[in-house]
Amino acid sequence: MSAKGILAQAARKLKAAEVSAKIFGNAFNPTGARTGNYILRQGFRGEHMVRYYPSKQDLNNTRVSKLSHQLGEKLYDPDEIDRLNVLERRKARGKGAPKKGQGKRALLAKKKKR
């Protein structure tokens, strides 16, 4: 194949890639230069960021709970009370967490010392 034929074939490939990019809504970038187009395709993160960080009111509520704790008053969290009740029931059945230093790893270490 001659040099003209190779160049013509490359030009046809480029033209086909350009048309394909237009049809499918992709960015046509024949040189492969970094364009940052992938950042533009990503969704807007604003809503997620707002939901991630606590609101001022939530921060004030945590401050109130810390203050009440310092003053000696106890605020009750029903979820925490439920969690503690579940732990008590599990311990009564013998399913609770082992005491510190009596778990699997500690028992294996004791066996190795013998």
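Quantities reported herein were computed from a predicted structural model and do not represent experimental measurements. (Residues numbered from 1 in each chain as written. Predicted model: local features only at pLDDT ≥ 70, side-chain atom pairs only at ≥ 80, totals over all residues. Heavy atoms only, no water.)

Summing up its helical and strand segments, the protein has 6 helices and 0 strands in all. Listed by position from the N terminus, the elements making up the protein come as α-α-α-α-α-α. Here the protein holds 114 residues, and 2% of them are scored as buried. If you sum the accessible surface of the protein, you get close to 11,600 Å²; carbon and sulfur atoms cover 57% of it. (Helix = DSSP H or I, 4+ residues; strand = E, 2+ residues; numbered from the N terminus. Buried < 20%, exposed > 50% of the residue type's maximum accessible area, 1.4 Å probe, protein only. Areas by Shrake-Rupley, 256 points an atom, 1.4 Å probe, with all protein chains shown as cover.)

All right, on to the pattern of salt bridges then. All chains considered together, the criterion is met by 1 salt bridge. A salt bridge links Glu80 to Arg83, with the nearest nitrogen and oxygen atoms 2.8 Å apart. Note that Glu80 and Arg83 are positioned in helix α5 (residues 78-92) at a spacing of 3 residues, about one turn of the helix. The partly exposed category is assigned to Glu80, whose relative accessible area is 34%. Overall, Arg83 belongs to the partly exposed group, its relative accessible area being 44%. (Salt bridge = Lys/Arg side-chain N within 4 Å of Asp/Glu carboxyl O.)

The next thing to look at is a nonpolar patch on the surface. Together, Val19, Ile23 and Phe24 make up an exposed nonpolar region whose accessible area comes to about 340 Å². Tracing the backbone through its elements, the reader meets Phe24 in helix α1 (residues 3-24). For Phe24, a relative accessible area of 60% corresponds to the exposed category. (Patch = residues over 30% accessible without salt bridge, like charges linked within 9 Å, V, L, I, M, F, W, Y side chains within 5 Å.)

The next subject is α1. If you check α1, its first and last C-alpha atoms are 32 Å apart, about what 22 residues at 1.5 Å a residue would give, namely 32 Å. Positive backbone phi, at 75°, marks Gly25, one or two positions downstream of α1. (Expected span 1.5 Å × (residues − 1).)

Over its 15 residues, α5 runs 21 Å from end to end, which matches the ideal 21 Å to within 8%, given 1.5 Å per residue. A positive backbone phi angle near 85° is found at Gly94, which sits one or two residues after α5.

On the surface, a cluster of positive charge is made up of Arg89, Arg90, Arg93 and Lys95. Along the chain, Arg89 falls in helix α5. (Lys, Arg positive; Asp, Glu negative; His and termini not counted. Charge placed at Lys NZ, Arg CZ, Asp CG, Glu CD.)

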